[in-house]
Amino acid sequence: MSASHVTVSTQIPQDVFQVLQAHGLYRDALAARSQELLAVRFYQDRVLSLGKAARLAGMGKQQFIDFLSTNQVSVINLTEDEFAAEIETVDLLAAENQL
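Here is what the cut-offs are and how they apply
- Think of each chain on its own: its residues are numbered from 1, step by step along the sequence as written.
- Local features are withheld for residues below a pLDDT of 70 in this predicted model, meaning they are given only at 70 or higher, and side-chain atom pairs are given and counted only at 80 or more; totals for whole chains, interfaces and linings count all residues.
- The basis for every side-chain value is the complete set of non-hydrogen atoms in the structure, without hydrogens or water.
- One side-chain nitrogen of Lys or Arg within 4 Å of one carboxyl oxygen of Asp or Glu is enough to make a salt bridge.
- Only runs of H or I of at least four residues qualify as helices and only runs of E of at least two qualify as strands under DSSP, and these elements are numbered from the N terminus.
- Exposed residues in this analysis have more than 50% of their type's maximum accessible area, buried residues have under 20%, and partly exposed residues fall in between, with area computed by a 1.4 Å probe over protein chains only.
- A pair of Phe, Tyr and Trp rings is counted when the ring centres sit within 6.5 Å of each other, with Trp represented by its six-membered ring. The angle between the planes then sorts it: under 30 degrees is stacked, over 60 is edge-to-face, the rest tilted.

### With respect to the pattern of salt bridges
Turning to step 1, where the next piece is worked out: Under the defined criterion, the tally for this structure stands at 3 salt bridges.
Turning to step 2, where the next piece is worked out: The shortest N-O distance in the salt bridge between glutamate 36 and arginine 33 comes to 3.4 Å. Here glutamate 36 pairs with arginine 33, and both are found in helix α2 (residues 27-44), just 3 residues apart, close to one helical turn.
Turning to step 3, where the next piece is worked out: By relative accessible area, glutamate 36 is classed as buried at 17%.

### Concerning the packing of aromatic side chains
Turning to step 1, where the next piece is worked out: Under the definition given, this model contains 2 aromatic pairs.
Turning to step 2, where the next piece is worked out: Seen from their ring centres, tyrosine 43 and phenylalanine 64 are 6.2 Å apart, and the 90 degrees between their planes marks the pair as edge-to-face. Here phenylalanine 64 lies in helix α4 (residues 61-70) and tyrosine 43 lies in helix α2, a separation of 21 residues in the sequence. Here tyrosine 43 matches phenylalanine 64 in class, with each residue buried.
Turning to step 3, where the next piece is worked out: Arranged with centres 6.4 Å apart and planes meeting at 25 degrees, the rings of phenylalanine 64 and phenylalanine 67 form a pair that is stacked.

If you want it as structure tokens, here you go:
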């Protein structure tokens, strides 16, 4: 199944674009980098799952996990309540195995 795409555009002030170009971020590279950064942010904000964020970034899941790690972003994206529930489950399983 072929995925369709939507094009989204943004405007950047000319002077800002010139600075980005000076750092090697021309239109194509800037578009790709923007998608990567959006994917990271939407993943951090729990808007996109890991798989969807990886697709937005134009990467496979493992490559996106590596990209998150390189950018000091935690792959485990649990709320405090979810984390507490996970710990509780681990404790229950550990107690069952000690019987």
